[in-house]
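Here is what each chain is made of, one letter per residue.
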Amino acid sequence: MNDPVAKRPVRPLRRAAPWFVAALLLATLGLPAAAGAFGHLPSAPLVGYARPSNFTTLLVNMTDTPRFAPQFLAAPSGSSVTFHLVNQGSFVHTFTLLAQPKVLLNTSWTPAQLDHYFTENGSLANVSVPAGGQANQTLAFNASTAFDSFEFVSVIPYQFQAGMYGQINLTSTAAGLLTSENTTDTYQFVPAVLVANSTHYPFNLDVLVTNSGNLGHTFTVAGQTNVTLTPATYASYFVQHPPLVNAAVPSGAGSTVWANFTVAGPGVYQYICTASGHLANGMMGYLYVGVAPPPQPAPPSTAIVESWVLVGSGVLLAFGILAAIVATFAGRFPPAPKDESRQH
Ligand SMILES: [Cu+2]
């Protein structure tokens with residue numbers, strides 16, 4: 001048998017493989033850090049600016065209670081809105097959207113009176129969804145609908161009368177009038193600073209409040225500007241000055257509530273959670289309307305960690321490439337052990 005080392009084909013890629021694997025592993029370690037950094041990049045007020053694109057999809061569940069869930073929807077005017085209708089019940093329901101803005105139908109009407117209204121006034125949409133079924137209805141709301149609210153009802157006899165109605169609020173296309181807020185089990189609003197700017201007053205502000213923990217909370221906004229509420233004073237204050245909105249955030253992770261309210265004028269509005277003991281634990285924030293918020297501390301940056309990881313990956317990768325090149329031109333390094341049992 002000839003010298004097995006000389007005969008063995010050089011496999012530069014296999015030789016370099018450990019370096020590539022190491023580089024890949026290190027790069028993989030770096031990716032979550034990078035993703036985390038991106039997730040935290042916007043400082044607190046900017047999180048509130050998260051807006052739907054020009055194409056908004058709104059999920060509307062239909063139940064046998066009978067209810068629309070959620071009951072209140074919001075979308076920017078000047079956008080194309082797709083209502084994704086899901087009938088979760090075992091009865092047929094309709095999504096019948098009024099053509100007239102700012103009109104609320106009378107729940108004491110008979111089914112015949114309700115039908116008569118739509119015969120006379122038409123509708124923007126009238127979709128019947130069978131039990132367990134789904135449907136999509138897309139409508140374009142042009143910019144002139146800003147600050148309009150359209151009611152939708154189910155026209156199946158006695159469903160509207162029993163409470164199956166809701167509203168879609170069209171916000172302005174101006175930034176900041178549709179915003180979002182989260183509640184946590186550590187008694188925090190995230191962000192604790194909301195910013196809204198409007199070209200006119202009063203205006204409607206729609207805040208989607210999402211429960212990021214499990215505890216129930218409230219999103220309660222003081223009715224006056226520049227008021228500082230404390231655990232000892234807020235209850236009596238709200239008796240004197242009703243809050244702009246007092247939205248109950250249901251318990252359970254991921255539950256949501258729309259806090260839709262009207263802001264009369266610019267200023268700083270404090271918002272708090274009125275659940276017992278939560279404000280005492282610091283559960284409050286400030287809504288800056290037409291007023292610049294104080295500068296926010298920069299979020300802790302993971303950029304240094306990332307660049308080290310990326311440089312490390314690069315170095316390992318370079319070693320791998322170098323090993324491959326060396327192996328290609330110089331054969332195996334180091335030489336294979338001369339172990340006869342491993343030859344074939
Ligand atoms: Cu709370």
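Residues numbered from 1 in each chain as written. Predicted model: local features only at pLDDT ≥ 70, side-chain atom pairs only at ≥ 80, totals over all residues. Heavy atoms only, no water.

### Concerning the packing of aromatic side chains
Phase 1 of the analysis: All told, the structure shown has 15 aromatic pairs when counted by the stated rule.
Phase 2 of the analysis: Look at F95 and F152: their rings are 4.9 Å apart centre to centre, the planes differ by 35°, and that puts the pair in the tilted class. Here the residue F95 occupies a position in strand β5 (residues 93–98), and F152 occupies one in strand β8 (residues 149–153), the gap between them amounting to 57 residues. You'll find F95 and F152 in the same group, each marked buried.
Phase 3 of the analysis: Put simply, the rings of F68, F83, F95, F141, F150 and F152 pair up and form one aromatic cluster. (Phe/Tyr/Trp six-rings, centres within 6.5 Å; stacked < 30°, edge-to-face > 60°. Helix = DSSP H or I, 4+ residues; strand = E, 2+ residues; numbered from the N terminus. Buried < 20%, exposed > 50% of the residue type's maximum accessible area, 1.4 Å probe, protein only.)

### Considering the coordination of the copper ion
Phase 1 of the analysis: Donor atoms from the polypeptide that bind the copper ion are H217 (ND1), C273 (SG), H278 (ND1) and M283 (SD), placed at 1.9 to 2.8 Å.
Phase 2 of the analysis: Site description for the copper ion: donor spacing in sequence, H-x55-C-x4-H-x4-M. Here H217 is found in strand β14 (residues 217–221), whereas its partner C273 is found in the loop between β17 (267–272) and β18 (284–289), with 56 residues between them in sequence. As far as the burial class goes, H217 and C273 line up, both buried. (Donors = N, O, S within 2.8 Å, 3.2 Å for Na, K, Ca; no water.)

### Side note on the sheet that holds strand β4 (residues 79–87)
Phase 1 of the analysis: Across the sheet, which stays open at both edges, the four strands sit in the order β2-β1-β4-β7 with mixed pairing between neighbours. Edge positions in the open sheet fall to β2 (67–69) and β7 (134–141), since each of these has one partner strand only. Strand-to-strand twist in this sheet, taken as the mean axis angle between neighbours without regard to direction, amounts to 25°.
Phase 2 of the analysis: Direction of pairing for strand β1 (residues 55–63) relative to β4: parallel, over a ladder of eight bridges. Bridging from a neighbouring strand, T57 pairs with T82 of β4. (Pairing = 2+ DSSP bridges. Axes fitted to C-alpha atoms, helices over the stretch in contact; angles between N-to-C directions.)

### Things to note about the pairing of β5
Phase 1 of the analysis: Taking burial as the measure, the six residues of β5 include six buried ones, the bulk of the element.
Phase 2 of the analysis: By the alternation rule, side chains of β5 split into H93, F95 and L97 and T94, T96 and L98, which are all buried.
Phase 3 of the analysis: Two strands pair when backbone bridges link them, and β5 and strand β6 (residues 123–129) are joined in this way by six bridges, in the antiparallel orientation. Within β6, the residue paired with T96 across the bridge is N126.

### A word on a nonpolar patch on the surface
Phase 1 of the analysis: Side chains of L317, I321, I325 and F329 sit close together on the surface and give an oily, nonpolar patch of about 420 Å² of accessible area.
Phase 2 of the analysis: Positionally, L317 belongs in helix α6 (residues 303–330).
Phase 3 of the analysis: Take L317: its relative accessible area is 38%, and that puts it in the partly exposed class. (Patch = residues over 30% accessible without salt bridge, like charges linked within 9 Å, V, L, I, M, F, W, Y side chains within 5 Å. Areas by Shrake-Rupley, 256 points an atom, 1.4 Å probe, with all protein chains shown as cover. Salt bridge = Lys/Arg side-chain N within 4 Å of Asp/Glu carboxyl O.)

### Thoughts on the nonpolar core
Phase 1 of the analysis: One finds L205, V207, F219, A259, F261 and L287 to be the most contacted residues of the largest nonpolar core, which totals 23 residues.
Phase 2 of the analysis: Elements with a contribution of two residues or more to this core: β12 (193–196), β13 (203–211), β14, β15 (245–249), β16 (256–263), β17 and β18.
Phase 3 of the analysis: Once you skip the residues sitting within four places of it in the chain, V207 turns out to touch T179, S180, E181, L194, F219, V257, W258, A259, N260 and F261.
Phase 4 of the analysis: In terms of nonpolar packing, the next biggest core, distinct from the first, is built from 22 residues, M62, F83, A125 and F150 among them. (Core = buried A, V, L, I, M, F, W, Y, C linked by side-chain atoms within 4.5 Å. Contact = heavy atoms within 4.5 Å.)

### Focus on the environment of A69
Phase 1 of the analysis: Within the fold, A69 resides in strand β2.
Phase 2 of the analysis: Remark: the alpha-carbon pair of A69 and V86, spanning 17 residues in sequence, is separated by 9.7 Å.

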